[in-house]
Every structure is written in C-alpha cells, then in structure tokens.
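# Summary of structural features
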Amino acid sequence: MDNELIEELDFLKETLIKSGFFDENEILEIIEEQFIDEEGIEFDKLDIVLSNPPNSNFSRLEDVFINLSKKGIIAIHNCGYNIEEGVNDAFELLVHIQNHNKDAIGFCFYTFEDIEEAIYENKLKLTFGDFENDKSKALEIGMLIKEVLEDFNFNVSWDGTIDNQIEINPFVWDKKYDSNKEYEMEGAFELFINNQV
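Every residue gets a number counted from 1 within its own chain, in the order that chain's sequence is written. Note on the predicted model: pLDDT of at least 70 is required for a residue's local features to be given, and 80 or more for side-chain atom pairs to be given and counted; whole-chain, interface and lining totals, by contrast, use all residues. Side-chain numbers come from the whole structure's heavy atoms, not from hydrogens or water.

## Some details on the packing of aromatic side chains
In summary, the pairing rule links any two rings of Phe, Tyr or Trp, Trp by its six-membered ring, whose centres are within 6.5 Å, and it sorts them by plane angle into stacked for under 30 degrees, edge-to-face for over 60 and tilted for everything else. Within this structure, the stated rule accounts for 17 aromatic pairs. With a centroid separation of 5.7 Å and an interplanar angle of 40°, the aromatic rings of Phe154 and Phe171 are classed as tilted. Of this pair, Phe154 sits in the loop between helix H6 (135–151) and strand S4 (156–157) while Phe171 sits in the loop between strand S5 (166–168) and helix H7 (184–194); the two residues are 17 residues apart in sequence, bridging distant segments of the chain. Here the two residues Phe154 and Phe171 agree in accessibility, since each one is buried. Centroid distance Phe171 to Trp173: 5.9 Å. Interplanar angle 55°. Geometry classified as tilted. Relative accessible area serves as the criterion here: at 10%, Trp173 is assigned to the buried category. Numbering goes from the N terminus for both helices and strands, where a helix is a DSSP run of H or I of at least four residues and a strand is a run of E of at least two. Each residue is placed in one exposure class: buried if its accessible area under a 1.4 Å probe, protein chains only, is under 20% of its type's maximum, exposed if it is over 50%, and partly exposed if it falls in between.

This is how it looks when you write it as structure tokens:
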C-alpha cells in the first residue's frame, strides 16, 4: 500500500471520527466502501477509537436547530455530501412532513463537505432556502437564521444575499458521538414534528 493511499485512508478515518456522527462499525463500513477497489488494505486491522470532545459548540448549534424547527424551518444536521444532495434531501423531507399534516416555510442544513471545512478550518457554512423558489421568502429565512444564530452567541459572517451560505466563523467543531440521538434526515424529521404546536 503506497504512502498516498495510507494518507487518504488516515484522512478519511480521522474526519469520520472527528465528525462525531458515526460509531466504529459505521466508520469501518464507510472506509471499506470508499477503498473497496484498493488492494492490500487490511480493514480488520484498522484502529478506530472515537474521540471525546467537549460538545459545547455543537450543543449550541443543536439549540439553534431546535429553535429554527419551532419557527417552521426544517433544520438538518449532516445533510448529504454536498449542497445539491442536501437540497434534494430537504425537499424529500418536506414531503414526509406534509404527509404528517405539517408544513415548513424553508430549510437550513450543512453538508458533510461543510463538516470537513469546520473540522479543518474552524468555520461552518449553512445552506438555506424556501420551497417555492421565492427570493424574498428565501431572504427572510436567511435573516431569521442569522438572528437565531446571533441569539445563541455565534459570530455570523454573511453578505445578506440568497446567493451565499451563512457562515459561523469561528466555529470549533467539537461534536461527540451519541448513540441515543438521531441526526441527518430521520433526526430532522423528528425534530421538526416534535417542535410544531
């Protein structure tokens, strides 16, 4: 196994551990899937030890997402790998929510790419929008998200347009893995339904 491959594998392993979204078995599964075509990797010998960060910044982010859910915004943690996947997931989630006789005014999420940036560059970007392609509605949602983030003492960097993500900067990623909590689409669905009056 060459050095470049070892570096790639180590980087993925570290990123998955630091993300705080996966247990040891899930991390191993993702790594095996990514490197399935590579020869000479002994997956059973990979040492995966979950980290134990303070979770304080992430807890505040969770509080923001709870607050946004109460305001009718679908808020999704770790939503897809990139923005395109995230938007598709948000629209899919809207259908499930409407099937439960609820409705949402818009969405807010960050992707796994955003998590990588948060881990290695200490800033977290949030994507937002409405479901009707209404620019003024989308802008209102952006303003609302910015306001809630600031209420929870996050430093927000955003140009006030729908063309750019809202950035929390600095944001030290410190999520701890918690087997008792659901995130991603399932978690966002529960969060939204449970916080509607």
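## Re the sheet that holds S5
The five strands lie next to each other as S1-S2-S3-S5-S4, forming an open sheet whose pairing is mixed. Two strands in the sheet have a free side with no partner beyond their single neighbour: strand S1 (73–76) and S4. Should DSSP find at least two bridges between two strands, the strands are taken to pair. Bridge count between S4 and S5: two bridges; the pairing is antiparallel. If you follow Val156 over to S5, its bridge partner there is Ile168. Set on the sheet, H6 makes contact with S1, strand S2 (106–109), strand S3 (124–130), S4 and S5; between it and S3 the angle comes to about 140°. Note on contacts: a residue pair is in contact if any heavy atoms of the two residues lie within 4.5 Å. Here an axis means a line fitted to C-alpha atoms, over the contact stretch when the element is a helix, while the angle between two N-to-C directions is reported on a 0 to 180 degree scale.

## Side note on the side chain of Thr111
For Thr111, the position within the fold is in the loop between S2 and helix H5 (112–121). Those residues in contact with Thr111 that sit more than four places away from it in its chain are Asn78, Cys79, Gly80, Tyr81, Asn82 and Ile83.

## Focus: the layout of surface pockets
Computed over the protein atoms alone on a 1 Å grid, cavities are sets of points where a 1.4 Å probe fits but cannot get out and pockets are open sets with protein on both sides within 12 Å along at least five of seven lines; a residue lines them when it has an atom within 4 Å of a point. Grid points are joined across faces, edges and corners, and a volume is the space filled by probe spheres set on the points. Estimated volume of the largest pocket: approximately 270 Å³. Around the largest pocket, the lining residues are Leu12, Leu16, Phe22, Ile30, Glu33, Gln34, Asn78, Gly80, Tyr81, Glu85, Phe112 and Glu184.

## Here we look at empty space enclosed by the protein
Under the criterion given, the structure shown has one cavity of 30 Å³ or more. One number sums up the size of the largest cavity: a volume of about 40 Å³. The wall of the largest cavity is formed by Ile17, Gly20, Phe22, Leu50, Ser51, Lys175, Lys176 and Tyr177. Any residue that is not Ala, Val, Leu, Ile, Met, Phe, Trp, Tyr, Cys, Pro, Asp, Glu, Lys or Arg is counted as polar, Gly included; the first ten are nonpolar and the last four charged. Split into classes, the residues belonging to the lining of the largest cavity amount to four nonpolar, two polar and two charged.

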